[in-house]
Amino acid sequence: MPRAGSDEPDSFPAQTRADVVVVGGGPVGCATALAFARTGARVCLVDARPQSLRLGGEWLHPTGAGILADLGVDFAAESIPHAPGRGFAIFPKESDPIVLPYVGGELAVGCQHHLLIEAIQKTLARCPNVTMLAGCRVTEVARGRVAVATPDRKRSIEVTADLVVGADGRQSVVRQMLGHPGGSQPISYMLGVLIEASALPCTEFGNVFLGGPGPVLAFRVDVNQARVCFDVPADRVAWVRNPSGLLAAYQPTLPRPVHEACERALAVAPPAVAANQWLRRRQYGRDGVALVGDAVGHCHPLCAVGMSVGFLDAVTLAKSKSVEEYASSRRSGGRVPELLSMGLYDLFVGADAGTSELREAVYHTWRSSAAARHDTMRLLAVRETRRAALGVTFARLLVAASRRVALGSVRRPVGYTLGAVAGFANWAGWFARESLTN
Ligand SMILES: Cc1cc2nc3c(=O)[nH]c(=O)nc-3n(C[C@H](O)[C@H](O)[C@H](O)COP(=O)(O)OP(=O)(O)OC[C@H]3O[C@@H](n4cnc5c(N)ncnc54)[C@H](O)[C@@H]3O)c2cc1C
């Protein structure tokens with residue numbers, strides 16, 4: 001891959017021509033460039049930011065890991081530190097953990113965000129038909145053409161291409177050029193800490209600790225280290241400068257070794273921070289301009305679906321004859337991982353009677369039914385993306401929760417039962433509204 005580096009401003013051409021120009025070299029932009037390169041297309045990949053240590057996707061479901069493997073990305077061969085993951089271990093407050101393994105023994109990949117991108121870039125570097133404009137920012141987008149500013153902002157490069165792909169993340173300029181407003185909905189913040197992996201109770205799984213101010217997700221990113229992600233309510237983001245406040249708030253829900261390891265890590269460095277936002281996945285592009293990854297939409301990272309969904313965008317686009325064909329195939333299943341993520345997040349943080357009852361029904365169903373664990377993991381792993389499948393799972397949970405409330409109603413105040421029923425109605429309404437709209 002010819003690479004025009006940010007330290008060599010004169011090496012940038014004034015004009016360049018490609019079959020496909022990809023705007024954004026995050027995980028999905030790099031995967032898109034690779035998917036097109038594998039079809040023989042000449043690709044120009046433009047990325048504004050040199051490698052950074054920002055907090056982002058680090059758990060890749062087997063679906064996403066399989067797509068990268070098919071594209072020729074080999075973490076071990078590229079000497080990229082990583083660790084396999086066998087599924088999730090959920091730790092409800094004050095009850096035994098629930099283990100949800102991937103169906104068929106499939107494995108996820110845990111890897112630090114910048115190293116995951118490096119793994120794809122190393123594979124891209126061996127593709128002679130890919131040119132990278134590193135450290136360059138796309139400033140204007142039109143059908144068949146983008147204008148790119150060099151890293152020193154002193155010169156402009158014109159890239160012409162048959163297809164423009166916006167892989168430029170949540171604030172996508174390509175999305176704006178298509179006339180779609182951003183307008184992501186703020187949800188919460190994620191504070192990330194690296195600890196020693198041996199502190200995790202279930203080292204081979206993604207550990208989810210519930211019952212604190214927000215869920216905490218902890219998983220290995222290589223054989224020695226684990227990432228702990230604290231979901232922090234928007235009005236408590238000041239904890240980023242107050243580690244003792246953060247640790248005190250989550251202490252009751254964290255196993256002691258995890259808590260102590262976080263304490264040691266936070267004594268040395270502040271947590272990494274990122275905003276969690278929701279933008280519904282609806283716009284995939286048109287007329288020779290496509291959107292992929294977070295530029296299409298994004299959701300709470302609790303279910304770690306962002307990169308797998310984005311990689312599915314990438315390979316679907318590379319196989320499609322037009323942006324319209326791509327949009328139509330992705331629209332059918334693209335919203336299911338997002339609805340699952342937002343639904344599970346609200347289920348885990350909600351405190352009203354309906355949500356509490358539904359949450360207990362989910363725990364009970366996961367504990368008692370192998371079929372429910374199987375269905376949940378197919379949805380979580382982005383293996384099952386049909387809305388009907390999510391609808392059936394959701395309806396079964398509502399029925400189970402209603403039965404629990406009906407059986408317990410004689411022992412509970414009438415107000416509580418009515419509150420729970422109203423809560424179920426809210427959930428049903430939310431699900432119907434979200435799942436019926438594109
Ligand atoms: C805290 C947190 C934890 C997460 N955890 C997970 C997880 O465990 N698993 C998972 O699958 N997902 C996770 N996600 C989601 C995941 O990080 C995103 O879905 C993924 O990074 C999206 O990739 P992308 O390439 O579409 O966008 P981005 O990663 O945002 O990359 C966009 C790229 O475009 C570049 N760019 C932007 N504008 C321009 C421009 N004008 N010109 C040139 N370049 C431009 C940027 O420099 C950037 O490199 C998490 C997200 C957050 C916030």
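Note that this is a predicted model, so its numbers are computed, not measured.

Thresholds, definitions, all that
Residues numbered from 1 in each chain as written. Predicted model: local features only at pLDDT ≥ 70, side-chain atom pairs only at ≥ 80, totals over all residues. Helix = DSSP H or I, 4+ residues; strand = E, 2+ residues; numbered from the N terminus. Rg over C-alpha atoms; globule rule 2.2 N^0.38 Å. Buried ≥ 20, exposed ≤ 12 C-beta atoms within 10 Å, placed from the backbone. Contact = placed C-beta atoms within 7 Å. Pairing = 2+ DSSP bridges. Near = placed C-beta within 6 Å. Nonpolar A, V, L, I, M, F, W, Y, C, P; charged D, E, K, R; others polar. Domains from an automatic or database assignment. Expected span 1.5 Å × (residues − 1). Axes fitted to C-alpha atoms, helices over the stretch in contact; angles between N-to-C directions. Parallel < 35°, antiparallel > 145°, perpendicular 65-115°, else oblique. Core = buried A, V, L, I, M, F, W, Y, C linked by C-beta atoms within 7 Å.

Some remarks on the overall build of the protein chain
- Looking only at helices and strands, one finds 13 helices and 19 strands in the protein chain.
- Against the 2.2 N^0.38 benchmark of 22 Å for 438 residues, the protein chain shows a C-alpha radius of gyration of 22 Å, consistent with a compact globule.
- Projecting the C-alpha coordinates of the protein chain onto the three principal axes gives extents of approximately 75 × 50 × 40 Å.
- The buried share among the 438 residues of the protein chain stands at 49%.
- Taking contacts inside the protein chain between residues at least 6 apart in sequence as the whole, the part at least 24 apart equals 74%.

Overview of the pairing of strand β16 (residues 225-233)
- The buried fraction of β16 amounts to 7 of the 9 residues, a majority that puts the element mostly inside the structure.
- Relative to β16, strand β13 (residues 185-196) runs antiparallel, the two sharing 9 bridges. Along β16, the bridge assignment pairs Ser 188 with Pro 233.
- Pairing of strand β15 (residues 216-220) with β16 involves 5 bridges; the strand directions are antiparallel. Along β16, the bridge assignment pairs Ala 218 with Val 228.

Focus on the site of the ligand
- Looking at the ligand, there are 37 residues lining it, with Gly 24, Gly 26, Gly 169, Gly 293 and Gly 306 nearest.
- Taken together, the elements giving at least two residues each to the shell around the ligand come down to α1 (27-38), β3 (43-47), β4 (59-60), β10 (137-142), β17 (272-278) and α7 (306-319).
- Here the shell around the ligand takes 4 residues from α7, the largest share from any one element.
- For the shell around the ligand, the residue count by class is 18 nonpolar, 13 polar and 6 charged.
- When we break the shell around the ligand down by domain, the ones giving at least three residues each are domain 1 (3-55 + 114-182 + 279-332) and domain 2 (82-109 + 186-276).

Considering helix α3 (residues 113-124)
- Between its first and last C-alpha atoms α3 spans 17 Å; for 12 residues at 1.5 Å apiece the expected length is 16 Å, and the two agree.
- Among all positions in α3, only His 113, Leu 116, Ile 117, Ala 119, Ile 120, Gln 121, Thr 123 and Leu 124 are buried.
- Summarising the contacts, the buried residues of α3 are in contact with α1, α2 (62-70) and β9 (130-134).

Observations concerning the sheet that holds strand β7 (residues 98-101)
- One open sheet holds the 7 strands; their spatial order is β7-β6-β14-β15-β16-β13-β17, and the pairing between them is mixed. Where the open sheet ends on each side, the last strands, each with one partner, are β7 and β17. If you compare each strand with its neighbour and ignore which way they point, the axes differ by 20° on average.
- Across the face of the sheet, helix α6 (residues 256-268) comes into contact with β13, β15 and β16 while running at roughly 90° to β13.

Comments concerning the sheet that holds β4
- Read from one edge to the other, the open sheet built from 3 strands follows the order β4-β8-β5, with strand pairing classed as antiparallel. At either margin of the open sheet sits one strand with a lone partner, and together these are β4 and β5 (83-85).
- Taken together, the 2 bridges between β4 and strand β8 (residues 108-110) define a ladder with antiparallel strand orientation. Each residue of the ladder has a partner; that of Leu 60, found in β8, is Val 109.

Side note on the packing of helix α10 (residues 353-368) against helix α13 (residues 414-436)
- Relative orientation of the contacting elements α10 and α13 amounts to 80°, with a least axis distance of 6 Å. Considering their axes alone, α10 and α13 lie roughly perpendicular with respect to each other. Contact residues: Ala 353, Gly 354, Thr 355, Glu 357 and Leu 358 in α10; Tyr 416, Gly 419, Ala 420, Ala 422, Gly 423, Phe 424, Asn 426 and Trp 427 in α13.
- The residue inventory of the contact of α10 with α13, partitioned by class, reads 7 nonpolar, 5 polar and 1 charged.

Here we look at the domain arrangement of the protein chain
- Parsing the protein chain into structural domains produces domain 1 (3-55 + 114-182 + 279-332), domain 2 (82-109 + 186-276) and domain 3 (350-436).
- Put simply, the middle of domain 1 and the middle of domain 3, counted by C-alpha atoms, are 38 Å apart.

Brief notes about the nonpolar core
- In terms of nonpolar packing, the biggest core is built from 128 residues, with Val 21 and Val 165 touching the most fellow members.
- If you tally residues by element for this core, the top one is α1, at 8 residues.
- Sequence-distant contacts of Val 21, that is, excluding residues within four places in its chain, are made with Cys 44, Val 46, Val 146, Val 159, Ala 161, Val 164 and Val 165.
- Formed by 11 residues, the second largest nonpolar core is a distinct cluster that contains Ala 353, Leu 397, Ala 400 and Ala 420.

Examining the environment of Leu 340
- Structurally, the position occupied by Leu 340 is in helix α9 (residues 336-349).
- Each residue touching Leu 340, except ones within four places of it in the same chain, is listed here: Cys 303, Leu 379, Leu 380 and Leu 390.

Let's talk about the pairing of β13
- Note: β13 against β17, 7 bridges, orientation antiparallel. Each bridged residue has a counterpart across the sheet, and for Ser 188 the counterpart in β17 is Asn 276.

Concerning unusual backbone geometry
- One non-glycine residue, Ser 79, lies in the positive phi region at around 60°.
- Relative to the helices and strands, Ser 79 resides in the loop between α2 and β5.
- Owing to 11 C-beta atoms within 10 Å, Ser 79 belongs among the exposed residues under this scheme.
- The backbone of Ala 304 shows a phi angle near 55°, a positive value even though the residue is not glycine.
- Residue Ala 304 is classed as buried on the basis of its 26 C-beta neighbours within 10 Å.

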